[in-house]
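# Residue-level structure breakdown
Take a look at the letters that make up each chain.
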Amino acid sequence: MRESEAMVRVSWSLGGVVLGSALALAACGSTDSGPTGAAGTGGAAGASAGSGGAAGSAGAAGSGGAAGSAGAAGSGGAAGSAGAAGSAGATCACAPGESLACTALGGLYADDGKSASCRADCTGFDVSACTLKDASGRTREYVYPSLRDPVYGAARCNDGTPYFFTVSLTGSRRWVINFEGGGACDGDVIPCAPRWTKSRALFSSANEPKDGTVVPWQGSAAIGSRNPTENPDFADANIVVGNYCSSDLWTGRAAKAVPSNPALKGEPPFDLWFSGRDNARATLAVLVARYGLDDAQDIDLVITGSSAGGNGARNNADLYAEAFPNARAEKRIWVLPVAGFQLYDWARDGAGIMGGDVPDPVTWTGMVSRWSAELNPRCRALASAAGASAGACLAGLYSTQSMLLAEPEGYGMRLFDATNRSDPVYLGYHDVKPATPGYDVIVDAWQAKATEEMLASGVRWLLAPAHRGQPNVHGLFEHWKVPFPAYDAAADGCGTPWTPGQTFRDLVHEFYVDASPETSGHRVCPNGWPVP
């Protein structure tokens, strides 16, 4: 179910195409070939052996230039080796020299006759001359990518209705990109019936405002608040909220809808689309094309979300790393997944997902297939090297490593994880509840495994209390201003002292202004939590 914190329903979206160095879903080209993209950098010359081996030809244009062809055989010498693949070319969202009225780009811009010109890299329009109707951020616009351009047709909800995100602009150099949460289902192991019958907005956009609708800012909390006292670092940021209606932890790229397992009762009366990754890609592409998200502008990017949205931030941060190489190199991408560190190596009879006996790595792998999930390629490489299954990158261990490790093994981003090590929601998905026989023994094992995998991931910024039962401690944004308890070494799960009286908000501020992002950190792991 959706998080209870007020910030979430304001929709927080992350959407992403990979631009410049790897644009994946663009305004004018397919994900795989980017046919209208600018040329990728040329494939390296084929090495000639003997006299006269000709060079391999350049990599093809578009998303990932094709390998250069092999050099022809020299006179009496062996053929030159194949040229290396060209790097990905940027796909164009506009034509050089093209100009549009600002009002044609979005409903947040004033109708004052001003226009925006296509940027030199053709990935979008330079909106610096455009005037915002309200630069206070007190309004937000509904944006449906597939209705703006059919190239985003894959951006949709489970029932096939168009996906949307909302955007609220202030003109700040700071952007907060928040993935909305709301659980998950696959119509096979995890039933989708409860979402369809009780939480239709998690499945469909049919009853939502139309594309281009501008509405007042809806009250929010924590990192999504417009109140500078509540949210001193980001109250004036541009805020983007992605509507979660794909049920796939923001990972799916399904080419076709899939039927539910006929053994499940009450499932939706139609085949299911799983398109979360496509939704994330489309959001990023539209923000770059129409709303001024531009790597040349010295931007700060905070990628966040809670619960399924925390998984969304984790599962799509790579898109932003690839799309904004300047921000990545200058350590100006902050990833803050809340309640998004899933266990990987969990296996316990009767406490598998949905209470089964199947080990989680097996179930995760099935979900990757079911959702046609596209996962962070550097995470996949790390997991594969460790002998982990295809579903490993839906969990926290290898995903965290891929974001933290330096190039080229990882992306070298800043990361702060905030997850309850005895999270009752994730235990509930394993049918582990206070009334379950052996409940405390199971939760002890879960907590130990969570601690083990968090520490093994190398995460340095961490808020990971261990609080079981009620009241529910799941979305830690709800505990934004709760003071940390007095330090007790015997109740410290991570072995790193914390400062009593500090709050999650204080820790996020430290994380944001940290001057030594490659080495510093702060772990707060109390066994227990001062629930108000």
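See the structure printed just above.
Attention in this report is confined to the structure presented alongside it. (Residues numbered from 1 in each chain as written. Predicted model: local features only at pLDDT ≥ 70, side-chain atom pairs only at ≥ 80, totals over all residues. Heavy atoms only, no water.)

### What about the environment of S205?
Relative to the elements of secondary structure, S205 occurs in the loop between helix 3 (193-198) and strand 7 (214-216). Distance in space between the C-alpha atoms of S205 and N158 is 9.4 Å, their sequence separation being 47 residues. Those residues in contact with S205 that lie beyond four places of it in its chain are Y144, C157, T161, P162 and F164. (Helix = DSSP H or I, 4+ residues; strand = E, 2+ residues; numbered from the N terminus. Contact = heavy atoms within 4.5 Å.)

### Remarks on the environment of L463
Within the element layout of this structure, L463 appears in strand 12 (residues 461-463). Along the chain, L463 and V338 lie 125 residues apart, while their C-alpha atoms are 9.2 Å from each other. Residue contacts for L463: discarding those within four places in its chain leaves F416, D417, A418, T419, L476, F484, F504, V524 and W529.

### What to know about the pairing of strand 4 (residues 139-143)
Judged by how many residues are buried, strand 4 sits mostly within the fold: four of five residues are covered. Two elements, strand 4 and strand 7, share three bridges in a ladder whose sense is antiparallel. Bridging from a neighbouring strand, R140 pairs with V215 of strand 7. Examined bridge by bridge, strand 4 and strand 5 (residues 165-168) share three bridges and lie antiparallel to one another. Looking at strand 5, one finds that Y142 is bridged to T166. (Buried < 20%, exposed > 50% of the residue type's maximum accessible area, 1.4 Å probe, protein only. Pairing = 2+ DSSP bridges.)

### Let's talk about the nonpolar core
Core analysis: the largest hydrophobic core is formed by 90 residues, its most contacted members being L287, L293, Y320 and F324. In this view, L293 contacts R119, W175, I177, L284, L287, V288, I299, L301, Y320 and F324; residues no more than four positions away in its chain are not counted. Counting 42 residues, the second largest nonpolar core, distinct from the first, contains W217, A222, F416 and V524. (Core = buried A, V, L, I, M, F, W, Y, C linked by side-chain atoms within 4.5 Å.)

### Points about the packing of aromatic side chains
Inspection of the entire model under this criterion finds 24 aromatic pairs. Here W334 and Y512 contribute two aromatic rings whose centre-to-centre distance is 4.8 Å and whose plane-to-plane angle is 50°, an arrangement assigned as tilted. Of the two residues, W334 sits in strand 10 (residues 333-338) while Y512 sits in helix 12 (residues 504-513), which places them 178 residues apart along the sequence. You can call W334 buried: its relative accessible area is 4%. Note on Y512: relative accessible area 12%, which makes it buried. Summarising the aromatic geometry, the rings of F416 and F511 are spaced 5.5 Å apart at their centres and angled 80° between planes, so their arrangement reads as edge-to-face. You can see F416 sitting in strand 11 (residues 414-418) and its partner F511 sitting in helix 12, a full 95 residues away along the chain. Assessed through its relative accessible area of 0%, F416 is described here as buried. Note that R156 overlies the ring of W273, its terminal NZ or CZ placed 3.4 Å from the centroid. (Phe/Tyr/Trp six-rings, centres within 6.5 Å; stacked < 30°, edge-to-face > 60°. Lys NZ or Arg CZ within 6 Å of the ring centre and 35° of its normal.)

### Some words on the pairing of strand 2 (residues 115-118)
Relative to strand 2, strand 1 (residues 99-101) runs antiparallel, the two being bridged by three bridges. Bridged to L100 within strand 2 is A116. Between strand 2 and strand 3 (residues 125-126), which follow one another and run antiparallel, lie six residues, and C122 among them has a positive phi close to 65°.

### Describing the sheet that holds strand 1
Ordered by their spatial adjacency, three strands build an open sheet running 1-2-3, and the pairing between neighbours is antiparallel. At either end of the open sheet lies a strand with only one pairing partner, and these are strand 1 and strand 3.

### Thoughts on helix 8 (residues 377-385)
Among the residues making up helix 8, those that are buried are R378, C379, L382 and A383. Summarising the axial view, the buried residues of helix 8 lie within an arc of 135°, below the 170-degree limit, and thus occupy one face. Opposite the buried face of helix 8, by more than 90 degrees, sit the exposed residues S384 and A385. Its buried side turned inward, helix 8 meets helix 5 (308-323) and helix 9 (396-404). Capping of helix 8 at its N-terminal end is provided by N376; its side-chain oxygen lies 2.9 Å from the backbone amide nitrogen of R378. Positive phi shows up at G387, right after helix 8, with a value of about 75°. (Arc of directions from axis to C-beta. Polar contact = N/O pair within 3.5 Å; in protein donor to acceptor, adjacent residues only side chain to side chain.)

### Let's talk about the state of the cysteines
Summed over the entire model, instances satisfying the criterion amount to seven disulfides. Covalent S-S linkage joins C379 and C393, the inter-sulfur distance amounting to 2.0 Å. Its S-S torsion of approximately -105° makes the covalent link between C379 and C393 left-handed. Separated by 14 residues along the polypeptide, C379 in helix 8 and C393 in the loop between helix 8 and helix 9 bring together distant segments of the chain. With relative accessibility at 1%, the residue C379 sits in the buried group. (Disulfide = S-S within 2.5 Å.)

### Notes on the sheet that holds strand 7
Strand order in the open sheet formed by ten strands is 7-4-5-8-6-9-10-11-12-13, with mixed pairing between adjacent strands. Two strands close off the open sheet at either side, each with one partner strand: strand 7 and strand 13 (522-524). Ignoring which end each strand starts from, the neighbouring axes of this sheet average 20° apart. Here strand 6 (residues 174-179) runs beside strand 9 (residues 300-306); their pairing, made up of six bridges, is parallel. (Axes fitted to C-alpha atoms, helices over the stretch in contact; angles between N-to-C directions.)

### Comments concerning the pattern of salt bridges
Across all of its chains, the model carries 25 salt bridges by this definition. Here R148 ties to E141 by a salt bridge, and the two come within 2.8 Å at their closest N and O atoms. The exposure class of E141 is buried, given its relative accessible area of 1%. Salt-bridge contacts for D444 lead to R468; the nearest nitrogen and oxygen are separated by 2.8 Å. (Salt bridge = Lys/Arg side-chain N within 4 Å of Asp/Glu carboxyl O.)

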